[in-house]
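Understanding the architecture of this molecule
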Amino acid sequence: MMLETEAEALDEADPLAAKRDEFDLDPEIAYFDGNSLGAPPRHVAERLAGAVREQWAGRLIRSWSEGWWELPERVGGRIAPLVGAAPGQVVVGDSTSVNLFKALVAAVRLNPGRDEILLDGDTFPTDGYIAGEVARLTGHTLRRVRTGDLPSALSERTAVVLLNHVDYVTGRLHDMAALTAVAHEAGALVLWDLCHSVGAIPIELDVLDVDLAVGCTYKFLNGGPGSPAFVYVATRLLGGFEQPLAGWAGHADPFAMGADYRADPGISRARAGTPDILSMLALDAALDVWDGVSRVAVREKGLALGEFFLRCVDELLPGTRVLTPRDPARGHQISLADDAARQTMDALIARGVIGDFRPPNVLRFGLAPLYTRYEEVLRAVTTLAKVR
Ligand SMILES: Cc1ncc(COP(=O)(O)O)c(C=O)c1O
């Protein structure tokens, strides 16, 4: 079958096709950066404007006691099913970097008598920077290991392992079940960074006995630029989760204004300061697009988009080095090596195909099953073949 005919047939048969209409996307643009900044669901702008009018202008300070203060837990509760978490374990707020800091320090404190932190050797930079500072503050040694070498690197010295669920450069998906189990066998805790998997891949934190996780909401959850991140703490660890940013919002009784810190008994202890309400309301609205959406259907389409992308590359750009695994152990992106990647991506963007460039030589194309179309995949690869 011709690629055009195939793309058309795939779009027609797509059970998520109607979701695309819920997004405010320029029809002239083929957008492949939803793994960096998700597209806005259409209704978010009006919902946010309404909140400014009615809640901020209309109710002023009263809004804090009419739902704003509990928004981090309420929105966390909406993210929980997307990561396989029972209620009471996810709270929204701050950035992923800040939540990494809180969770890593808490993990080290939860696992005393051990002096080492292990870090995914290919991690997104912020995780490495934060882990470095946590190690410096707590007197731990930080060691980078390739995930494949984790079993032999773990020892009775390992307090916690910090891993990325999906590699941000190659799109490789790490085996959360196996890596969590092997870390637990060594008595270590595991902290997962879900930035590139939440909203893309069904995640089962509770079932897999994960200890801690963090993730952002501006990629596949479409929460908007800089929308607040989330943190997951397994119920069994909540009592001992002593995070270092002990601000008043994590206090058991914040409005008592007491002199001493007493952590909230639940997930609210992961909070620090005043929540960014407008961003959180935008995220809350954006999460509506998930109503009635099957996580399995999203995963199946993400993989099918990737397969079709690779078929187009094989046919139209033979010899191209593909950095993303061809087997299903991948997230929702395709990364290609290109010696002139920056210039190539600029040329693509100038022609309405928006992906991104990662140093030194990587072209990255995010695939967002809620709005990416097969026809756009073909357009991306066809355009790439022209500009290269
Ligand atoms: C794996 C991963 N972790 C963390 C971050 C960024 O964290 P923050 O929300 O603090 O900017 C990103 C951003 O792209 C990421 O891909």
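Everything that follows concerns the structure shown earlier in this document.
Before going into details, it helps to say that this report is about the structure given with it. Everything numeric in this text was worked out from a predicted model, so none of it was measured.

1. Overview of the packing of helix H10 (residues 295–316) against helix H12 (residues 374–387)
Angle between the axes and distance between the axes are the two parameters that describe a pair of packed helices. Remark: H10 packs on H12, axes separated minimally by 9 Å, with the N-to-C direction vectors making an angle of 30 degrees. The angle between H10 and H12 places the two elements in the roughly parallel class. Two packed elements cross with a definite hand, and for H10 against H12 that hand is right-handed. Of H12, the residues touching H10 (which contributes Lys301, Ala304, Leu305, Phe308, Phe309, Cys312, Val313 and Leu316) are Tyr374, Val377, Leu378, Val381, Thr382 and Ala385.

2. Examining the side chain of Asp14
Within the secondary structure, Asp14 is located in the loop between helix H1 (3–13) and strand S1 (30–31). Sequence-distant contacts of Asp14, defined by excluding residues within four places in its chain, comprise Lys301 and Tyr374.

3. Describing the sheet that holds strand S11 (residues 356–358)
Strand order in the open sheet formed by three strands is S9-S12-S11, with antiparallel pairing between adjacent strands. Every interior strand has two partners, whereas the edge strands, strand S9 (333–337) and S11, have only one. Taking each pair of neighbouring strands and ignoring which way they run, the sheet shows an average axis angle of 30 degrees. Pairing between S9 and strand S12 (residues 362–366): five bridges, direction antiparallel. The partner of Leu336 across the bridge, within S12, is Leu363. Packing of helix H11 (residues 341–350) onto the sheet brings it into contact with S11 and S12, and relative to S12 it is tilted by some 40 degrees.

4. A few points about the site of the ligand
Taken together, the residues surrounding the ligand are Ser95, Thr96, Ser97, Phe124, Thr126, Asp127, Asn164, Asp193, Cys195, His196, Tyr218 and Lys219. Here an oxygen atom of the ligand and a side-chain polar atom of Lys219 are 2.6 Å apart. Notes on the ligand: free accessible area 400 Å², of which the protein chains cover 85%. Among the elements of the structure, helix H4 (96–110) and helix H5 (125–138) are those that each provide at least two residues to the shell around the ligand. Of the residues assigned to the shell around the ligand, the class counts are three nonpolar, six polar and three charged.

5. Quick word on the pairing of strand S4 (residues 141–145)
One ladder, built from five bridges, connects strand S3 (residues 116–120) with S4; its direction is parallel. Looking at S4, one finds that Leu118 is bridged to Arg143. Handedness of the crossover joining S3 and S4 through H5 is recorded here as right-handed.

Rules behind the numbers
Residues numbered from 1 in each chain as written. Predicted model: local features only at pLDDT ≥ 70, side-chain atom pairs only at ≥ 80, totals over all residues. Heavy atoms only, no water. Axes fitted to C-alpha atoms, helices over the stretch in contact; angles between N-to-C directions. Helix = DSSP H or I, 4+ residues; strand = E, 2+ residues; numbered from the N terminus. Parallel < 35°, antiparallel > 145°, perpendicular 65-115°, else oblique. Left-handed = near helix turned anticlockwise from the far one by under 90°. Contact = heavy atoms within 4.5 Å. Pairing = 2+ DSSP bridges. Near = heavy atom within 4 Å. Polar contact = N/O pair within 3.5 Å; in protein donor to acceptor, adjacent residues only side chain to side chain. Areas by Shrake-Rupley, 256 points an atom, 1.4 Å probe, with all protein chains shown as cover. Nonpolar A, V, L, I, M, F, W, Y, C, P; charged D, E, K, R; others polar. Right-handed = clockwise from strand over helix to strand, strands pointing away.

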